[in-house]
Amino acid sequence: MERRLLLLAMAVALCSTSICAQTRDAAGAELFGKHCVACHQADGEGIPGLAPPLVGALKKVAEADLGRTYIAHVLVSGMAGTIKTRVGKFIGAMPSQAALSDHELAAIASYVLSAFNDSQVALKAEGFAALRGKPLPPGEVRKLREQVLAQIGGQ
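Owing to the predicted nature of the structure, the values given are computational and were not obtained by experimental measurement.

**Student:** Before we move on, could you go through the overall build of the protein chain and cite the residues and values that matter?
**Tutor:** Assigned secondary structure in the protein chain consists of seven helices and two strands. As presented, the protein chain carries roughly 8900 Å² of accessible surface, and 61% of it is formed by carbon and sulfur atoms.

Here's what the structure looks like:
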C-alpha cells in the first residue's frame, strides 16, 4: 500500500511539473509574440543586421550561472553595441523590457530557452527582481556577454 502511495505521489509530482512547464511556455509564447516578435521574428531567427537570432544561441549560455545573469540583464537593462553571432555582426541596441513584470520576463526568457534552444533551464522571477535594483548600462551588458562567451567557449 505504501509503495502505491509513493508511486502515485511521484506521478502527481511529474504531471504537475509538466503542467507548470506547459503553462509557463504558453504564457511565454504569448508574451514573446506581443513584445519580441517584431524584431526576433516568430521563429526566433531575427532580422539580418537588426536583431540577432535566438535559435540555438542560448543553450550553453543558460547552463552557466553568469550566462543566466546575462540573459536576465539583457531583458532588464537592454543591450547596446556590436555583437558577433553565428550569422554575422549586429550593431544596434535592444531596449530594456523592464516595464514588464518579473514573472513576465521569466516567462519570456524560459520560453526562448525552451522553444528556440532545446533547453530545460527556466529563469525565475526572483532573479529578475534582484537585478532591477542593480541594472547595468546597456554597453556593460554587451561586455557581460563577451565574458559569458569567453567562459563557455563561444557559441
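**Student:** Tell me about the packing of helix 4 (residues 65–77) against helix 7 (residues 138–152), and name the residues and values.
**Tutor:** Two elements in contact, helix 4 and helix 7, have axes whose closest approach is 9 Å; the angle formed by their N-to-C orientations is 160°. The orientation of helix 4 relative to helix 7 falls into the category roughly antiparallel. In this structure, the crossing between helix 4 and helix 7 has a hand that is left-handed. Where helix 4 abuts helix 7, its residues Leu66, Gly67, Tyr70, His73, Val74 and Ser77 lie against Pro138, Val141, Leu144, Arg145, Gln147, Val148 and Gln151. Tallied by class, residues from the contact of helix 4 with helix 7 come to seven nonpolar, five polar and one charged.

**Student:** Tell me about helix 5 (residues 102–117), residues and numbers included.
**Tutor:** Think of an α-helix as 3.6 residues a turn; residues three or four steps apart then line up on the same face. The terminal C-alpha atoms of helix 5, which comprises 16 residues, lie 21 Å apart, in line with the 22 Å expected from a rise of 1.5 Å per residue. The element helix 5 is largely enclosed, with a buried count of 12 among its 16 residues. For helix 5, the set of buried residues is Asp102, Leu105, Ala106, Ala107, Ile108, Ala109, Ser110, Tyr111, Val112, Leu113, Phe116 and Asn117. Asp118 occupies a position one or two residues after helix 5 and carries a positive phi of about 50°.

**Student:** So what's going on with the pairing of strand 2 (residues 88–94)? Which residues, and what values?
**Tutor:** Judged from the seven bridges that link them, strand 1 (residues 79–85) and strand 2 form a sheet pairing that is antiparallel. The partner of Gly81 across the bridge, within strand 2, is Gly92.

**Student:** For the packing of aromatic side chains, give the residues involved together with the corresponding values.
**Tutor:** Here the structure, examined in full by the defined rule, presents three aromatic pairs. Aromatic side chains Phe32 and Tyr111 sit 5.6 Å apart centroid to centroid with 50° between the ring planes, which places their arrangement in the tilted category. One end of the pair, Phe32, is in helix 1 (residues 2–35); the other, Tyr111, is in helix 5, with 79 residues separating them in the sequence. With relative accessibility at 3%, the residue Phe32 sits in the buried group.

**Student:** Any details on the side chain of Gln97? Residues and values, ideally.
**Tutor:** Secondary-structure assignment places Gln97 in the loop between strand 2 and helix 5. Beyond its immediate chain neighbours, meaning those up to four positions away, Gln97 contacts His35, Leu75, Val76 and Leu105.

**Student:** Could you give an account of the pattern of salt bridges, naming the residues involved and the relevant values?
**Tutor:** Per the stated rule, a full pass over the model turns up five salt bridges. Measuring nitrogen to oxygen at the nearest pair gives 3.3 Å for the salt bridge that ties Lys143 to Glu140. Taken together, the residues span about one helical turn, with Lys143 and Glu140 both in helix 7 at a distance of three residues. You can call Lys143 partly exposed: its relative accessible area is 38%.

**Student:** So what about the layout of surface pockets? Which residues, and what values?
**Tutor:** Computed from the structure, the largest pocket encloses a volume of approximately 740 Å³. Listed by contribution, the elements that provide at least two residues to the lining of the largest pocket are helix 1, helix 2 (37–40), helix 4, strand 1, strand 2, helix 5 and helix 7. When the residues that make up the lining of the largest pocket are grouped by side-chain class, the tally is 30 nonpolar, eight polar and one charged.

So, how was this worked out
- Residues numbered from 1 in each chain as written.
- Predicted model: local features only at pLDDT ≥ 70, side-chain atom pairs only at ≥ 80, totals over all residues.
- Heavy atoms only, no water.
- Helix = DSSP H or I, 4+ residues; strand = E, 2+ residues; numbered from the N terminus.
- Areas by Shrake-Rupley, 256 points an atom, 1.4 Å probe, with all protein chains shown as cover.
- Axes fitted to C-alpha atoms, helices over the stretch in contact; angles between N-to-C directions.
- Parallel < 35°, antiparallel > 145°, perpendicular 65-115°, else oblique.
- Left-handed = near helix turned anticlockwise from the far one by under 90°.
- Contact = heavy atoms within 4.5 Å.
- Nonpolar A, V, L, I, M, F, W, Y, C, P; charged D, E, K, R; others polar.
- Expected span 1.5 Å × (residues − 1).
- Buried < 20%, exposed > 50% of the residue type's maximum accessible area, 1.4 Å probe, protein only.
- Pairing = 2+ DSSP bridges.
- Phe/Tyr/Trp six-rings, centres within 6.5 Å; stacked < 30°, edge-to-face > 60°.
- Salt bridge = Lys/Arg side-chain N within 4 Å of Asp/Glu carboxyl O.
- 1 Å grid on protein atoms, 1.4 Å probe; cavity = no way out; pocket = protein on both sides within 12 Å on 5 of 7 lines; lining within 4 Å.
- Points joined across faces, edges and corners; volume = space filled by probe spheres on them.

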